[in-house]
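Below are the chains, spelled out letter by letter.
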Protein chains: 2
Amino acid sequence: MIPDLSHLTIAVVGATGAVGAEFLKIVEQRHPQLHNLKLLASSRTAGTKLTVNGQEFTVEETTADSFQGVDIAFISASTEASRHWAPMAVAAGAVVIDDSSAFRMQEDVPLVVPEVNGADVTWHQGIIAIPNCSTTPLVMVAHPIHRVSPIRRIIADTYQSVSGAGGAAVQELKEQTTALLKGQPVTPRHQPKQIGFNVIPQIDSFLDNGYTREEQKMIDESRKIMHAPDIRVSATCVRVPVMVSHSAGVHLELERAMGINEIRALLMDMPGVTVLDDTGTGDYPMPWDVAGEDDVFVGRIRKDASDLNGIALWVVSDNLRKGAALNSIQIAEELVDRECLKPGSTPKPRFSFG
Amino acid sequence: MIPDLSHLTIAVVGATGAVGAEFLKIVEQRHPQLHNLKLLASSRTAGTKLTVNGQEFTVEETTADSFQGVDIAFISASTEASRHWAPMAVAAGAVVIDDSSAFRMQEDVPLVVPEVNGADVTWHQGIIAIPNCSTTPLVMVAHPIHRVSPIRRIIADTYQSVSGAGGAAVQELKEQTTALLKGQPVTPRHQPKQIGFNVIPQIDSFLDNGYTREEQKMIDESRKIMHAPDIRVSATCVRVPVMVSHSAGVHLELERAMGINEIRALLMDMPGVTVLDDTGTGDYPMPWDVAGEDDVFVGRIRKDASDLNGIALWVVSDNLRKGAALNSIQIAEELVDRECLKPGSTPKPRFSFG
């Protein structure tokens, strides 16, 4: 049963963005009784009227006063916006559920995927972070396996949709594709390079170690969420000309070998995971089909041919839903369920994340 | 210097296909003096007129008599066509350079990427196979490293263009994309599933081990070409909505650790490989840019964060050129250069490929 949120006042910073829109859609689906909403955005889109649960809301510009009387503030705008508004929201007494990378690796900030580490919400100090949209599906399939046979190593190469870069990037993909089909040249605006009929092996900026920030997030965040600082992780994050849903080829190296049927059973038992895997009928998840779905989908489950203890998988998830908005709402539900909307009641855990 | 082929009679079976067209383009670029061509195809496209090196040719239907007087027969049609025509061409005295998977793993058939194992042409028995278009770029970057620090393990996840499925699949991608931009539904014809704004984690059919034939080809063929039956290889082969050029995220595990500068130097020295790798300026290869290029391009060269002896790379190559047509012509050049157009002069090698 989904915990009731209707007694709470929930602010949504970034209500007019791609994730904000998905957040409000999920509110209607999971919380039709929720009416105490404050829809916030920058001055650019303030004034927009949005209907949620049959009620019309006017999007207001976010200000220092926006968080008075707010129980939970969901922030999905930019990392800068999160850095700016989250402390103010916490000071006003709200619990912040933050979609940016601003606080994820801070020791006093839980980084939560409820099905994996829901109990971590208990030690929040006002801010709870949600993982990057490429990390969430990875830990959703890795963790149920890790609990049974610890994972030593993860290699993931991603196929990420443009909606991960926001609504404007989706529009850009459509425009570039239209132009290219007419033989016209294109000029990138929201992506670093042309994305129409192309793939870009860069998401976010580069670090000194040659990895991108997006790749480093997958490495750091998956360890923190799974409380497994020793797992060795590598990733290549690639943008593909797909509107919604991120996919990944995932290769796991386990401490002890497991059979495919055992893996399949663990994944089928995992809440929020759907196994779609039948090589006979040609069933496997694909981003076009998974867009709009809540679950993380997994298929192509096989023994990894390069390692006796290895498993290879194909994982697809709607980056706007489980990758962002749905995961946030689930954290709000977890907070209510565990009665820990007030921060500081539980001591921080003793594990650390190298 | 490119060896002269103008004294030879060269038959092209599949002259009207996507790879055949690229083959004839490369003939014009590398062999402007080559005039003794026999352009062959099925009855469906026989009669087509094509101009090569300023001379008009009428495409003939392939028959048992087509190979009389032919020195080299290049076959790129279907696996069935190769199985049918190759033995006849050999019986007629031609050396067959075959683009299909029909003979690649046969012990008496060399599988050749000239820059990697050009000497293997010397022991041909009438047929020389070229690798699958996803294997060739992999061995072009793996082999120069393997020669210095043997590779223990390769994990590659691919981003393969639709032209790998033939010219009709390119047309299908354009048609599907046009329909989807108008909000119209699409029905797959040449791909197993919708490819417009989607990715498909299946190329070719499934084997009992859960891998696709395409993935198994990468595993088996890369070992055979590199004479390294012990390298453990895993791959996930994925079709992406790109017209031309295949990309891959590649993770190599080496016997001894190597520095990035050492790796970079080895790759820069490799004929046929271009290093395009500058995280400062955001330079890395992408399929749109690499289409039409001869070289295999490599970027995103970095220490693999999941293994002390690991290297991660991003590899892109035109699947119709180095992945097929160019590699074939280079094999013909190698045969002339090594004076081994006649089969059987050299004993088969003693290594075997498990």
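Residues numbered from 1 in each chain as written. Chains lettered and ligands numbered in written order. Predicted model: local features only at pLDDT ≥ 70, side-chain atom pairs only at ≥ 80, totals over all residues. Heavy atoms only, no water.

## Details of the packing of helix 4 (residues 135-146) of chain B against helix 7 (residues 260-269) of chain B
All names here are of chain B.
Here's step 1: As a packed pair, helix 4 and helix 7 sit with axes 9 Å apart at the nearest point and diverge in direction by 120°. On the basis of their axis angle, the class for helix 4 and helix 7 is oblique. The two elements helix 4 and helix 7 meet at a crossing, and its hand is right-handed. Contacts from Val 141, Pro 144 and Ile 145 of helix 4 reach helix 7 at Ile 263, Leu 266 and Leu 267.
Here's step 2: Across the contact of helix 4 with helix 7, the residue classes tally to six nonpolar, no polar and no charged. (Axes fitted to C-alpha atoms, helices over the stretch in contact; angles between N-to-C directions. Helix = DSSP H or I, 4+ residues; strand = E, 2+ residues; numbered from the N terminus. Parallel < 35°, antiparallel > 145°, perpendicular 65-115°, else oblique. Left-handed = near helix turned anticlockwise from the far one by under 90°. Contact = heavy atoms within 4.5 Å. Nonpolar A, V, L, I, M, F, W, Y, C, P; charged D, E, K, R; others polar.)

## Considering the interface of chain A and chain B
Here's step 1: Between chain A and chain B, the contact holds 59 residues from the first and 59 residues from the second.
Here's step 2: Across the chain A to chain B interface the summed buried area is about 4,900 Å²; carbon plus sulfur atoms make up 60%.
Here's step 3: Scanning the region where chain A abuts chain B turns up eight salt bridges.
Here's step 4: A salt bridge links Glu 215 of chain A to Arg 300 of chain B; the shortest N-O distance between them is 2.7 Å.
Here's step 5: Elements with a contribution of two residues or more to the side of chain A that touches chain B: strand 9 (151-159), helix 5 (167-181), helix 6 (213-225), strand 10 (232-236), strand 11 (246-254), helix 8 (287-290), strand 13 (296-303) and strand 14 (310-317) of chain A.
Here's step 6: Class assignment for the residues of the side of chain A that touches chain B results in 29 nonpolar, 18 polar and 12 charged. (Buried area = accessible area lost by both parts, 1.4 Å probe. Salt bridge = Lys/Arg side-chain N within 4 Å of Asp/Glu carboxyl O.)

## Some words on the environment of Gly 166 of chain B
Here's step 1: Structurally, Gly 166 of chain B is set in the loop between strand 9 (151-159) and helix 5 (167-181).
Here's step 2: For the pair Gly 166 of chain B and Val 19 of chain B, spaced 147 residues apart in sequence, the C-alpha to C-alpha distance is 7.9 Å.

## Notes on the pattern of salt bridges
Here's step 1: Counted under the stated rule, the structure contains 38 salt bridges over all chains.
Here's step 2: Close ionic contact of Lys 25 of chain B with Glu 22 of chain B constitutes a salt bridge, the shortest N to O distance being 3.4 Å. Here Glu 22 of chain B and Lys 25 of chain B lie together in helix 1 (residues 18-30), a separation of three residues that amounts to about one turn.
Here's step 3: A residue is classified by how much of its surface remains accessible, and Lys 25 of chain B, at 41% relative accessible area, is partly exposed.
Here's step 4: Of the charged contacts, one joins Arg 153 of chain B and Glu 253 of chain B as a salt bridge, the two residues approaching to 3.7 Å between their closest N and O atoms. In this pair, Arg 153 of chain B sits in strand 9 while Glu 253 of chain B sits in strand 11 (residues 246-254), placing the two residues 100 residues apart along the sequence.
Here's step 5: One salt-bridge network, held together by shared partners, links Arg 152, Arg 153, Arg 232, Glu 253 and Asp 307 of chain A together with Arg 152, Arg 153, Arg 232, Glu 253 and Asp 307 of chain B. (Buried < 20%, exposed > 50% of the residue type's maximum accessible area, 1.4 Å probe, protein only.)

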